[in-house]
Amino acid sequence: MTASPYEPWNPASAPVTPSVAQRIPDMTAPQGSPAEADPAQQTASQQIAAQETAPQQKSKGPVRDRYFDLLRAVALFRVVLYHLMGWAWLPVVFPSMGVMFALAGNLMARSLKRPPAQVVRSRMRRLLPPLWLMGAIGVTGMLLQGWGPNADGHPGWWWFHLVFWILPLSDPPFAEGLAGLPGLLGDNWAADFAGPLWYIRAYLWYVLLSPFLLRALRALPWVTLLAPLALSAALEFGYLNLPGERFPSALTDFSTFGACWVLGMAYQEGVLKRLPRYVVPSVAPVIGALGLWYAVSQGFKTGYDLDSIPFAQAVWSFATVLLLLHVSPSWTEWPRWLRRWDRLITLLNSRAVTIYLWHNVCILIAATIWDQLWGVDFMYQHFSWLLESPWPILAFAWVLIGSCIVWFGWMEDVAAKRKPQLWPNESRSKRSRPKTGAH
């Protein structure tokens, strides 16, 4: 009730209605007081406001960086393309493994705000079940083809090494030289099957060491960042020689991509933000040029790729990841030009482990089946150019990868304690959006 602009307002003549102070709960009342607890004193507008804010508070959580999702999706596609095409320049254009380890290190550092033992256990739970499912299928196939304790001449060691299929602290064993399945799998399929497992082993070691790496990073940031590169140089130039095969192999992978993992942690800790903006664009190209120069000096032009030159791979990956993190726009939502790819990128991120584990087998099956078309006279006479092209094999391989997502990807949901989905291509923001608006 407001006073008329032409006559003074008489409080005695005003109708008896609740005052503003009576209609608004006492904001200074202690929590649990009658003014706060009595629903009869809440107006309809206040109840509507409470209903509108409740879903927002319930869904509040860590915001997903869509730029990192884009990098991970590009890295996965590049891995599949490289393992089919074999183009040595692809790891130079985009060092996928360095990028993937950096993104994982960033996520690990963010998670370590919780107790370290809890975080390590959670990461292992997410990582290992997809490997167990793959091992159950692959090892069973190897056993059916005659692989067994006498394969390596040391039955006791054979049984012991099978433990690495459960806890891959070292490379899991596989049957070398197995005959393929005619028309479906090429010869020595087990080698292609086990090829990607080095990534799982390296990832596991990074997870186990992350609590210590994070402490070292906070105490001595630049020493911790550059230590893996120094270790890679020591291994490359012979200053550190280790006996055997398993431990040197694990240490080589750790030193090659360890700087990228720590770089991801450093990004999360804000170490890079403390630098002046001009430092990274000035220094990173020089570091990258050093890595490429060393690669060329070691025969990169004669058919070797960066994977064959670990120190060059380490330096080049470090420089590239440094630049990618420096330009990070930290998208909470997709830019307009990327919105059409939302479902595809979400799918690749939701099934990253499944895609990486199974893509080699999918490529082998696609290539083996495609080669059967050479026996069709019509195809051989009129479409030999198509049979020689690798692009149909790439498309076919992605179809098979999609089928693996359906058959095996649900294990990633089980490992993460989520409701299993066959095709999780809907972004989290859309899943959490209410179907009907508040009234």
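Criteria and thresholds
- Residues numbered from 1 in each chain as written.
- Predicted model: local features only at pLDDT ≥ 70, side-chain atom pairs only at ≥ 80, totals over all residues.
- Heavy atoms only, no water.
- Core = buried A, V, L, I, M, F, W, Y, C linked by side-chain atoms within 4.5 Å.
- Buried < 20%, exposed > 50% of the residue type's maximum accessible area, 1.4 Å probe, protein only.
- Helix = DSSP H or I, 4+ residues; strand = E, 2+ residues; numbered from the N terminus.
- Contact = heavy atoms within 4.5 Å.
- Patch = residues over 30% accessible without salt bridge, like charges linked within 9 Å, V, L, I, M, F, W, Y side chains within 5 Å.
- Areas by Shrake-Rupley, 256 points an atom, 1.4 Å probe, with all protein chains shown as cover.
- Salt bridge = Lys/Arg side-chain N within 4 Å of Asp/Glu carboxyl O.
- Phe/Tyr/Trp six-rings, centres within 6.5 Å; stacked < 30°, edge-to-face > 60°.
- Axes fitted to C-alpha atoms, helices over the stretch in contact; angles between N-to-C directions.
- Parallel < 35°, antiparallel > 145°, perpendicular 65-115°, else oblique.
- Left-handed = near helix turned anticlockwise from the far one by under 90°.
- Nonpolar A, V, L, I, M, F, W, Y, C, P; charged D, E, K, R; others polar.

Chemist: Looking at this structure, how should I read the nonpolar core?
Modeler: Here is a general trend for soluble globular proteins: nonpolar side chains tend to be buried in one another's company. In terms of nonpolar packing, the biggest core is built from 108 residues, with Met142 and Trp261 touching the most fellow members. In terms of residue count, the dominant contributor to this core is helix 4 (residues 66–85) (13 residues). Not counting the four nearest positions on each side in its chain, tryptophan 261 is found in contact with Phe101, Ala102, Ala104, Gly105, Met108, Tyr203, Tyr206, Val207, Ser210 and Leu213. Judged by nonpolar contacts, the second largest core, of 11 residues, contains Ala233, Phe311, Ala312 and Trp316.

Chemist: I would appreciate a short explanation of a nonpolar patch on the surface in the present structure.
Modeler: Nonpolar side chains collect at one region of the surface, where Trp132, Trp157, Phe160, Val163, Ile166 and Leu167 lie side by side and expose about 600 Å² of accessible area between them. Along the polypeptide, valine 163 turns up in the loop between helix 8 (155–161) and helix 9 (189–194).

Chemist: I keep staring at the packing of aromatic side chains and nothing clicks. Help me out?
Modeler: We describe a pair of aromatic rings using the distance from one ring centre to the other and the angle between the two ring planes. Here the structure, examined in full by the defined rule, presents 34 aromatic pairs. What links up through ring pairs into an aromatic cluster is the set Phe101, Trp198, Tyr199, Tyr203, Tyr206, Phe254, Phe257, Trp261 and Tyr356.

Chemist: Teacher, can you tell me more about the pattern of salt bridges here?
Modeler: Side-chain pairs of opposite charge can arise where the charged atoms are in close proximity. The full count for this structure, using the stated rule, is eight salt bridges. Arginine 418 is the partner of aspartate 413 in a salt bridge, and the nearest nitrogen-oxygen pair spans 2.9 Å. The class for aspartate 413 is buried, based on a relative accessible area of 2%. Arginine 418 sits in the partly exposed class, given a relative accessible area of 39%. Salt bridges here are not isolated pairs; linked through shared partners, they connect Arg66, Asp69, Arg72 and Asp342.

Chemist: I would appreciate a short explanation of the packing of helix 16 (residues 352–371) against helix 19 (residues 391–408) in the present structure.
Modeler: Between two packed helices, both the angle of their axes relative to each other and the distance between the axes serve to describe the pair. Here helix 16 crosses helix 19 at 135 degrees, and the two axes come no closer than 8 Å. Of the possible angle classes, the one that applies to helix 16 and helix 19 is oblique. Between helix 16 and helix 19 lies a crossing of right-handed hand. Here Thr354, Ile355, Trp358, His359, Cys362, Ile363, Ile365, Ala366, Ala367, Ile369 and Trp370 of helix 16 come into contact with helix 19, specifically with Pro392, Ile393, Phe396, Ala397, Trp398, Leu400, Ile401, Cys404, Ile405 and Phe408. For the contact of helix 16 with helix 19, a count of residues per class yields 19 nonpolar, two polar and no charged.

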